[in-house]
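Read off the chains here:
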Amino acid sequence: MKPASFEYLRPGTVDEAIAALDHEDAKIIAGGQSLVPMMNFRLVQPERLVDINGIADLGQVTAVDGGVRIGALVRHAQAARDTMLGTAFPIIGEAMRHVAHVAIRNRGTIGGSLSHADPSAEWPLLVSLLDGAIEITGKSGVRTCGTEEFFFSPLMTDLEEDELLTGVVLPSLPDGAGMAFDEVSQRAGDFAVVACGAVVAMDGPCIGSARLALGGLGDTPLRATEVEVALTGATLDDIAGIVADCAVDLEPNDDMHASAGYRRSLAPVLARRVLIRAAERAKGKT
Amino acid sequence: MTDAPPADQSQTVRPKYIGKKVERFEDPRLLTGRGLYSADIKADRMVHVAFVRSDQAHARIVSVDTDDAAAAPGVIGVFTAADFPELPELSAPSAMKDYHATVCPVIARDVVRYVGEAVAVIVAQDRYLAEDAAALVMVDLDPLGATADPVAALEPDAVALHDNVPGNKVLERVFETGDAPGEIAKAQHKVSARFRMRRKAPLAMETRSYVAQYDSGRDQLVLHTSSNTPGVVRDELARLLNIPGNRFQVVSPDVGGSFGGKGSVYPEEAIVAMLARDLERPVKYVSDRLEDLTSTSQAFDEIVEATLAFDKDGTFIALDAEVIGDIGAYSIVPWTAALEPVQVVSFLPGPYRTPHYRGRVRGVCTPKPPTGPYRGVGRPAAVFAMERLVDMAAATLGLEADEIRRRNLVGPEEFPFRIGSGIRWDRSGFLECLEDAASSVDVADFRKRQAEARKRGKWLGLGFGTYAELTGIGSRIAVAPGMPINTGNETASVRVDATGAVTATFATASHGQSLETTLAQIVAEELGVRPSDVTVKQGDTALTPHGTGTYASRSAVIGGGAAIVSTRSLLKRVKEAAGALFDVDPDTVETGDGEIFVPETNHRITFPELAQAVYSDMKALPMEARKPLEAQENFDPYLGTTTAATHVAEVEIDSETLAIRVTRFIVAEDCGRMINPLVVDGQVHGGVVQGIGAALLEELHYDDTGQLLSATLADYLIATAAEVPALDVHHLETELPENPGGFRGMGEGGTIGAPAAIANAISDAVAHLGIEVQELPMTPNKLFRLIAEKQGKD
């Protein structure tokens, strides 16, 4: 279980990294938590590895106009303890506890998780839930992309081979929004069988607006838009009924660990739990 | 207090070390990265091996084209079966009748029989280059069809895996006492079920690793191996390679676990040894995790269809069982294919009185890796099936789990007790362990908590797992029936050298059992030195004429017994020499804490001083008194000794997600006299953790074509710290067994009791749904299916 040989480059800037990607078979390596096992199994055998760990300004969390920008090299553990993120999006810290184990959280990056595009992973779900804009840098400059356009299918994204995911901008949420994340996994730290995240703003005793994202139920993280609409104006007691059928039309994976039916059965349970928790947190703020 | 008698000065004040919590001597080395494992060995001109392995389960080898691989950078050689025409095949004959030993070429010849079987060997300058070249070997396989399911493999139309194994049936054996079918037919109360214990991996942290070095000047071959049975490997490979034992040394250095998986003789060991001799270069092979999951021997994989009949009071009358054991493609060497499945039927009646018993087992070949020894051998599956039946019987009568066991366990006055399969239990704390465990859980209180929790959507369950096992098995009983080797004895030699230092040598091979500490405690106590004064040497065939290794809960009992009898012989010599030196009767000489003395006299010397007198000083002692301070004795317990325990698990199931959590775990066990409670706790903890894995997580999923679907640690799931509750271990010492130390083996019990206890706990938790656990591991996904099927039916 040794990788095939490869050329290794370690650029110091984004421009150098983009230049290094001008090669017919180059791969970016950051935390290496998905790529290296795939290389060891020889499932991928890139001729060139472009190591972006030396690009210092990719590892920052910064305030930007209307939100927070997370650099592609920000590690899961770093995101979990970042005070700016913790204040604006406490759901990130809540979700990061489910990302694998400490050693992996110390190395793995948000950019790696998004570009690997595992539909059960936490970051794709969070960025989808939080309406994040994914920042992609290429030869012709920077473009941004929402998760709907970015995620195609498992391991497939809108990212071109000569492009680098450089960061994500999460727009600020209205004051008083509550949020919650939960997932079911086989063991602590395993990929989610099903994951759910919710953002809720209250309007008196009713839900003013709600967002709900589901992971592990399709080829990409999913926003339950119909549920979101139905939740507007609903009370907390209505939630269970509204989410009851949220997965009936979905066709999740059916594998040795979880049948499609089992995965579908988890969706309304987790949806209800995160929505109620988010709503209660929102109430606590107002 | 003033009435207390004065301490008798003539009594030995020698410190006692057996039973003390002595911290492990291995730890400073192993915990700070200073261990030396096979993979750590480096040598000049060393070459590295990678194997090309079959990607099909059952196929004829049409051709193996090695030309491109042989021409690849850094490649020293590429070898296939054609290159080893002289090498005999691996086979494990058995004295059992109706047994068909399979023949396993060290490298696939003509036919492959499981995914992962080695087809070609690459030798290169490093493992990277070897894997590059391995990818260039073109193997043309012509599929022969595969019957991967063990039941289907016994059908007349199944694809035959071996020409000499008719109907894929390697073995069949029946144990019968009384008339179980007749009693069951007329019994008023009976329960039946079909239990399935899925195939699992032993999964030692250190994968199989071999380094062979050949000294052509001395014609000496040395194999360093991750095996826990270096003696077995030496004997078998010496025969295969036709090398006398004095020119072939097998060493197990530090070994990172085995759990049985590294305790058999592997083709790769033979190949590495042979290549080192042929190439006259050191050869290293370190298997990776994929190879570990696809080519190391596997565990369990049995179907147990059983019926238990009992009277209206819950007293067992008869037990009948049909067992099919899927042994994989080849019988494991040297233990034979009988090892695991036959022990399921031998141990099935368990610690209970069941007058009538009939158990039939059939071992069937399927195109999967061989099953082999795994911690608990046969007993995890047997105890799972029996303990489920016991709880099912209790449920039909409205009895609590502890009560039905209390009514059927062999009582203290009934030992020795022979169960229906012929196994003889000696006195062990069957009932005592049950009572201790039952009183610790407070069943009545649990039922209240269970009812309350159900209102909150939490299903709580309580499960008992009571068992007995044979450990420290002597030469009278084969570890596997009919197997060709003797594992029932152990020789120790203990010596005081010219510096006065104590070295004790064994043929054991500790790979996590802490024998460097526990055997040193025994020698120290018997000789009268401190444990830290004793160096234990083991795991090296050059040290002992014969020995097998460490497995089957034997080393504390048999190795510890040999330590006692050998050290007593040495102590006699020490006393004789000291007696001559002091000019006193040797019987008046005592030892303790590193000193040799005569109480109430000025005669007091240290072991180095005695050694000086015996070995170096030519005046202190007359020549005839200068006998070397060394003794070697053999110990064979002849029979085995019985270890018993009751495990109790409490689980909590989320009624909506079906997530299963073990929230409480109690072990009450009787392992006789403990040598070191820290080590006993550690062994119980480790075993229970593996038992939790077997109950809830670990499963090698094979599809119908024999492809392994769970071939990485992302898919083959083992318990981690997060899945394990605090473990509450109670040690009971009822009556000590009749062996020199009063020890019972206890290295395997954790994996034996835990799966059954958890299966019963889950069954208790979901009983109100009308479902129960008949298959392990039980997962939320499987629970979902059971509930859906039940609701579909109702």
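Residues numbered from 1 in each chain as written. Chains lettered and ligands numbered in written order. Predicted model: local features only at pLDDT ≥ 70, side-chain atom pairs only at ≥ 80, totals over all residues.

In this section: the overall build of chain A. The helix and strand inventory of chain A stands at 12 helices and 14 strands. Against the globule reference of 19 Å for 286 residues, chain A gives a C-alpha radius of gyration of 19 Å, in line with a compact fold. In terms of overall dimensions, chain A has a C-alpha envelope of 60 × 45 × 30 Å along the principal axes. Burial status across chain A gives 49% buried among its 286 residues. (Helix = DSSP H or I, 4+ residues; strand = E, 2+ residues; numbered from the N terminus. Rg over C-alpha atoms; globule rule 2.2 N^0.38 Å. Buried ≥ 20, exposed ≤ 12 C-beta atoms within 10 Å, placed from the backbone.)

This part is about the overall build of chain B. In terms of regular secondary structure, chain B is built from 19 helices and 29 strands. In terms of overall dimensions, chain B has a C-alpha envelope of 90 × 80 × 50 Å along the principal axes. Buried residues in chain B amount to 58% of all 794 residues. Taking contacts inside chain B between residues at least 6 apart in sequence as the whole, the part at least 24 apart equals 81%. (Contact = placed C-beta atoms within 7 Å.)

Our focus in this paragraph is the confidence of the model for chain B. Model confidence for chain B is summarised by a mean pLDDT of 95, while 98% of its residues fall at 70 or above. Per the prediction output, this complex has pTM 0.96; the corresponding ipTM is 0.96. (pLDDT = per-residue confidence, 0-100.)

Right, let's talk about the UniProt feature "domain: FAD-binding PCMH-type" (unreviewed entry) in chain A for a bit. Mapped onto the present numbering, the UniProt feature "domain: FAD-binding PCMH-type" (unreviewed entry) falls at residues 1-175 of chain A. Secondary structure content for residues 1-175 of chain A is 33% helix and 26% strand, and the end C-alpha separation is 50 Å. (UniProt positions renumbered as here; feature names shortened; annotations may be inferred.)

Let us now look at the environment of A:His98. Residues and elements named next belong to chain A. Along the polypeptide, His-98 turns up in the loop between α5 (90-96) and α6 (102-107). Using a count of 21 C-beta atoms within 10 Å as the deciding quantity, one classes His-98 as buried. It is 8.4 Å that separates the C-alpha atoms of His-98 and Phe-191, two residues lying 93 residues apart in sequence. In this structure His-98 touches Glu-122, Glu-183, Ser-185 and Ala-192, once residues within four positions along its chain are discounted.

Attention shifts here to the sheet that holds strand β27 (residues 660-670) of chain B. Residues and elements named next belong to chain B. One open sheet accounts for 4 strands, arranged β18-β26-β27-β28; its pairing is mixed. Sheet topology places β18 (458-471) and β28 (727-731) at the edges, where each strand pairs with a single neighbour. When the angles between neighbouring strand axes are averaged without regard to direction, this sheet yields 15°. Pairing analysis gives 14 bridges linking β18 to strand β26 (residues 641-654), with the strands arranged antiparallel. Each residue of the ladder has a partner; that of Ala-468, found in β26, is Ala-644. (Pairing = 2+ DSSP bridges. Axes fitted to C-alpha atoms, helices over the stretch in contact; angles between N-to-C directions.)

Compared with an ideal rise of 1.5 Å per residue, which puts 13 residues at 18 Å, helix α13 (residues 443-455) of chain B spans 19 Å between its outermost C-alpha atoms and is within 8% of the ideal. Just beyond α13(B), the residue with positive phi is B:Gly457, at close to 80°. (Expected span 1.5 Å × (residues − 1).)

This part takes up the nonpolar core. A general tendency of soluble globular proteins is for nonpolar side chains to be buried together. Within the largest apolar cluster, 252 residues are counted, with the highest numbers of intra-cluster contacts made by B:Ile122, B:Val523 and B:Ile758. The element that contributes the greatest number of residues to this core is helix α15 (residues 555-582) of chain B, accounting for 14 residues. With sequence-adjacent residues up to four places away left out, B:Val523 is seen in contact with B:Val494, B:Val502, B:Ala504, B:Val534, B:Ala563 and B:Thr567. Ranked by size, the runner-up nonpolar core spans 91 residues in total, among them A:Val74, A:Val194, A:Ala210 and A:Leu214. (Core = buried A, V, L, I, M, F, W, Y, C linked by C-beta atoms within 7 Å.)

Taking the UniProt record as the reference, the feature "domain: Aldehyde oxidase/xanthine dehydrogenase a/b hammerhead" (unreviewed entry) is found at residues 32-145 of chain B. The straight-line gap between the two end C-alpha atoms of residues 32-145 of chain B is 50 Å; of that span, 11% is helix and 31% is strand.

Moving on, we get to the interface of chain A and chain B. Across the contact, 16 residues belong to chain A and 22 residues belong to chain B. Across the side of chain A that touches chain B, the residue classes tally to 9 nonpolar, 5 polar and 2 charged. (Nonpolar A, V, L, I, M, F, W, Y, C, P; charged D, E, K, R; others polar.)

Moving on to the sheet that holds strand β23 (residues 595-597) of chain B. All names here are of chain B. The 3 strands are arranged β22-β23-β24 in an open sheet whose pairing can be described as antiparallel. Here the strands that pair on one side only, and so sit at the sheet edges, are β22 (590-592) and β24 (604-606). Averaged over neighbouring strand pairs, the angle between their axes works out to 25° when direction is ignored. As defined by bridge partners, β23 adjoins β24 across 3 bridges and the pair is classed as antiparallel. Counted as the bridge partner of Glu-595 is Thr-606 from β24.

What follows concerns the domain arrangement of chain B. All names here are of chain B. Under the domain assignment, chain B is made up of domain 1 (41-145 + 205-257 + 262-295), domain 2 (302-475 + 638-793) and domain 3 (490-635). Of note, the centres of domain 2 and domain 3, computed from C-alpha atoms alone, are 41 Å apart. Taken together, the contact pairs 17 residues of domain 2 with 18 residues of domain 3. Classifying every residue of the side of domain 2 that touches domain 3 gives 7 nonpolar, 8 polar and 2 charged. (Domains from an automatic or database assignment.)

To continue, consider the domain arrangement of chain A. Residue and element names in this part refer to chain A. Splitting chain A by domain gives domain 1 (7-51), domain 2 (56-171) and domain 3 (178-285). Averaged C-alpha coordinates put domain 2 and domain 3 at centres separated by 21 Å. Counting residues at the interface gives 21 residues for domain 2, matched by 20 residues for domain 3. Among the elements of the structure, α5, α8 (122-129) and β8 (151-153) are those that each provide at least two residues to the side of domain 2 that touches domain 3. With 6 residues, the single largest contributor to the side of domain 2 that touches domain 3 is α8. Residues belonging to the side of domain 2 that touches domain 3 are distributed by class as follows: 12 nonpolar, 6 polar and 3 charged.

Turning to the environment of B:Val323, a few remarks are in order. All names here are of chain B. Within the secondary structure, Val-323 is located in strand β14 (residues 316-328). Among the residues examined, Val-323 registers 25 C-beta atoms within 10 Å and is labelled buried. With 62 residues separating them in the primary sequence, Val-323 and Ala-385 have C-alpha atoms 11 Å apart. The contact partners of Val-323, leaving out residues within four places of it in the chain, are Glu-302, Ile-303, Val-304, Pro-341, Val-344, Val-345, Gly-359, Arg-360 and Val-361.

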